[in-house]
Amino acid sequence: VQLQASGGGLVQAGDSVRLSCSASGRTPYTYYMAWFRQAPGKEREFVARIFWGVGSDFYADSVKGRFTISRENTKTYLQMNSLKTGDTAVYYCAAAARVIGPSGPVDYWGQGTQVTVSS
């Protein structure tokens, strides 16, 4: 599975951004999809995951109520609202054949996309 993330940029606190991740290759429809992020000087952290169907999404407490993960066909999205300076990070999409929790496991990583939130 190959993953290609896009949609990052420089925004102001309170703004919204939508990230996209396009999946290709072997049976991407059967995989769990997730977003992780890594801020400067910090470890990579789980943001959200999704499979298919209502109720299949799950979020880190730090983004719950502000971020929404969704997927359609081979694309996975992360809608980020009410952005804070603390959301500044490189965001990575990820795929796995099993449920992705805060500590993984992840089978495939996409390249990161930078999101910078200014005050």
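Thresholds applied
Residues numbered from 1 in each chain as written. Predicted model: local features only at pLDDT ≥ 70, side-chain atom pairs only at ≥ 80, totals over all residues. Heavy atoms only, no water. Pairing = 2+ DSSP bridges. Helix = DSSP H or I, 4+ residues; strand = E, 2+ residues; numbered from the N terminus. Axes fitted to C-alpha atoms, helices over the stretch in contact; angles between N-to-C directions. Buried < 20%, exposed > 50% of the residue type's maximum accessible area, 1.4 Å probe, protein only.

Novice: Help me out: how do you make sense of the sheet that holds strand β8 (residues 75–80) in this one?
Specialist: With antiparallel pairing, the four strands of this open sheet are ordered in space as β1-β3-β8-β7. Edge positions in the sheet fall to β1 (2–6) and β7 (67–72), since each has one partner strand and no second. If you compare each strand with its neighbour and ignore which way they point, the axes differ by 15 degrees on average. Two elements, strand β3 (residues 17–24) and β8, share six bridges in a ladder whose sense is antiparallel. Looking across to β8, one finds that S22 is bridged to K75.

Novice: What's the story with the pairing of strand β11 (residues 113–118) in this structure? I'm lost.
Specialist: Along a regular strand, successive side chains alternate from one face of the sheet to the other. Only one face of β11 is buried: it carries T113, V115 and V117, and the other face, with Q114, T116 and S118, is open. Where strand β2 (residues 9–12) meets β11, four bridges bridge the pair, whose relative direction is parallel. Across the sheet, the residue bridging to Q12 is S118, located in β11. The sheet contact formed by strand β9 (residues 89–96) and β11 spans three bridges and is antiparallel. For V90, the partnering residue across the bridge sits in β11 and is Q114.

Novice: What's the story with unusual backbone geometry in this structure? I'm lost.
Specialist: As a rule of thumb, non-glycine residues mostly have phi less than zero, and peptide bonds are mostly trans rather than cis. Omega for the peptide link from G104 to P105 comes to -5 degrees, which places this bond in the cis form. Along the chain, the position of P105 falls in the loop between β9 and β10 (108–109). Of note, the phi angle at S82 is positive, near 50 degrees, even though the residue is not glycine. Given the relative accessible area of 43%, S82 is considered partly exposed.

Read these as geometric descriptors, not functional statements.
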